[in-house]
Structures are given as structure tokens and as C-alpha cells.
Amino acid sequence: MSWSRYDGAEAQAPADGGVQGGSAHDPWGEPRSTGDELQTGRSQQAGYPEPAPVERHGPARIVALCNQKGGVGKTTTTINLGAAIAEFGRRVLLVDFDPQGALSVGLGRLDPRELDLTVYNLLMQRDVTVGDVLLKTDVDGLDLIPSNIDLSAAEVQLVGEVAREQMLARALRPVIDEYDVVLIDCQPSLGLLTVNALTAADGVIVPLECEFFALRGVALLMDTIEKVQERLNERLVIDGFLGTMYDPRTLHAREVLSTIIDGFGDKVYGTVINRTVRFPDATVAGEPITRFDSSSAGAAAYRDLAKEVLARWPSSGLAG
């Protein structure tokens, strides 16, 4: 892909690994049903319609993809959900807010070390504007604010700044009216950078790997979100929990997904992202799955997720 410069306490899993259910703050709670019929019923739910064209762009809904556990599919979801939403005629901005720069690499085969300007400069230098940092991708309607290891220094440098939790919100404000959706790929931690993303966001999507440790630490994430809601950003809501890396052939994956549904109910997206080798293949190619293998099951899943996400959001013209 080519580029051009564009002007609480931790939730504890049961010791025996059994499937249980409960509230969002106690997702392992009391035993619930673990049969396949729960997932079967969800898979048979009516699909969401294709979003109608938008008459005008903006203002954008800002969504943070957040989970302090690494390797759960945050970056993969940011790339592919953003590309799928862009296919429906929406203007989408992706913000790489992880010092590892995985989003920047996975969406364009960039070498983050060679970037002169990144989100770090946007945060820390008042003479750098969003237009200076934006990169335009080969996907129509999809732009990127890249990142690299420099961003790791921002966490320390921001400590002495006034209104340090609001730096990202301030930086993004000039382009909110130019986009329909802004997706922020957060780093796997609950530090100051993630708090900045939550303060800037209207909603949160939480990717959860369908694996035993998926719910460990979710209570701490929920506690952080609640504190941001109370102290920094009253409009922040949890848009939904997304099951990722799902392997329907294994009882373990089905049990974990059942547990997630029991714990978070209607907040769990009906769309589930299955494990497939096509996602890493697409990452190596520097393209979203919707371009790399448009007819694949992975591409279809993210298109379905895009429809569901747009349909669930508050009426703002995004859903058509």
C-alpha cells in the first residue's frame, strides 16, 4: 500500500476453567447455561441492513478500541472495521495510539522509525497540526494518523501538562467535522495515553479474545472507564464487547463466548470474528482484509460488524 502526505479489582476466573456468568463487574458470577444453543440463537439473528449513503460528512463519532490485555485483536479490528465502514461511504480516520506502531505497519508496510511526524508530534508540539501528520491510504475514505516509539515518551512528558488527559481531544478537534468516524487503536495498558483516548472518545469497543484469560482484568478496565465517565468525559459509553479469535470447533472457545454473553448481555456484538490465517496474511501485505481477500469469511465478518456498529450507534446520520 502506498502513502502520500495529506494536506477496580481484577475479575477472577474459576479455578477449574468452567463457564460461569454474572454481571459486567463480576463476569464469572453464578453458573449459567453453557450449551451451544446460546451461540446458535445469536448466529440466527436477523442481519443488519446495509447502511444508506450519507448526505454529508461529520461530525465524527470517536471510538476507542481498548483492552489492557495484548493480542486480543485491537489493531486488526481497528484496521478492518475502519476499512469496512469506509466501504459504506463514510469518511474514517484511524489513530495509531500505541508506541509499538502496529496499526501504522499493518495498514501500509510503513517503517515507523522513518516517520518525521507522528501523533507524538501532534500531542507535544503546538506548531504541528493534524494536517501535518495525516496520511492518506489507498482505501477510499480511510486516513491514518501514524505512531512510533516516540509516543512512549509522551506518557512521561504529559504528566506536567495542564489538562494532560485532554491533549488528544484537543489535537483531533480541528478535523472532527471532516470525518464520520474516528477509531483510536489504544496501547495494551490503562496508562495516561489510554485515558487520553477515553477522554476524547464518545464510545468504547472492547475486543475480547475467546480464550480462558479473556475476562481477566476486565473489571479493572470497567473501573477505569467509569472513572473517566465521572471525572473527565460524561458522554463516554461502552458501545460493545467484540468476541475475537473465535474457533467454533473447540468447546473451550464456545464456553468462553457463552461466558462473555452471560456477563455483558446485549452489549456483546452479535458478530463474532473467527480465527483465520487470512488476517496475518493481510497484515503482511499491508492491506485490510476487505481489500486483500474481499470474498473471504474474515472480510464478510468485518462488513457485518460495520453494519452492526453503525446500526447500534445513536442516530446521527452515520447509519443512513
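Residues numbered from 1 in each chain as written. Predicted model: local features only at pLDDT ≥ 70, side-chain atom pairs only at ≥ 80, totals over all residues. Heavy atoms only, no water.

Engineer: Explain the layout of surface pockets here, please?
Structural biologist: Where empty space is left can be seen by rolling a probe of water-molecule size over the atoms. The calculated volume of the largest pocket comes to roughly 530 Å³. Elements supplying a minimum of two residues to the lining of the largest pocket: α2 (74-87), α3 (102-106), β6 (181-186) and α11 (278-285). Ranked by residue count, the leading element in the lining of the largest pocket is α2, at five residues. The class makeup of the residues in the lining of the largest pocket is 14 nonpolar, 12 polar and five charged. (1 Å grid on protein atoms, 1.4 Å probe; cavity = no way out; pocket = protein on both sides within 12 Å on 5 of 7 lines; lining within 4 Å. Points joined across faces, edges and corners; volume = space filled by probe spheres on them. Helix = DSSP H or I, 4+ residues; strand = E, 2+ residues; numbered from the N terminus. Nonpolar A, V, L, I, M, F, W, Y, C, P; charged D, E, K, R; others polar.)

Engineer: How should the packing of aromatic side chains be read in this particular structure?
Structural biologist: Each aromatic ring pair is characterised by the separation of its centres together with the angle its planes make. In total, this model carries two aromatic pairs according to the counting rule given. Ring geometry for Phe241 versus Phe264: centroids 3.9 Å apart, planes at 20°, classification stacked. With a gap of 23 residues between them, Phe241 in strand β8 (residues 237-244) and Phe264 in helix α10 (residues 251-264) connect regions that are remote in the sequence. Seen in terms of ring centroids, Phe279 and Tyr302 are 5.6 Å apart; in terms of plane orientation they differ by 80°. Their pairing is edge-to-face. Here Phe279 is found in helix α11, whereas its partner Tyr302 is found in helix α13 (residues 297-312), with 23 residues between them in sequence. Of the two residues, Phe279 and Tyr302, both sit in the buried class. Cation over ring: Arg91 sits above Tyr179, and NZ or CZ is 4.6 Å from the ring centre. (Phe/Tyr/Trp six-rings, centres within 6.5 Å; stacked < 30°, edge-to-face > 60°. Buried < 20%, exposed > 50% of the residue type's maximum accessible area, 1.4 Å probe, protein only. Lys NZ or Arg CZ within 6 Å of the ring centre and 35° of its normal.)

Engineer: Whenever I open this one, the pattern of salt bridges confuses me. Can you help?
Structural biologist: Pairs can form between side chains of opposite charge once their charged atoms are near each other. Throughout the structure, instances matching the rule amount to 13 salt bridges. Where Arg275 meets Glu209, a salt bridge forms, and the shortest distance between an N and an O atom there is 3.5 Å. One end of the pair, Arg275, is in the loop between α10 and α11; the other, Glu209, is in strand β7 (residues 203-209), with 66 residues separating them in the sequence. Across the salt bridge formed by Asp281 and Arg278, the nearest N and O atoms sit 3.2 Å from each other. Taken together, the residues span about one helical turn, with Asp281 and Arg278 both in helix α11 at a distance of three residues. Three or more residues joined by partner-sharing salt bridges are found here, namely Lys69, Glu209 and Arg275. (Salt bridge = Lys/Arg side-chain N within 4 Å of Asp/Glu carboxyl O.)

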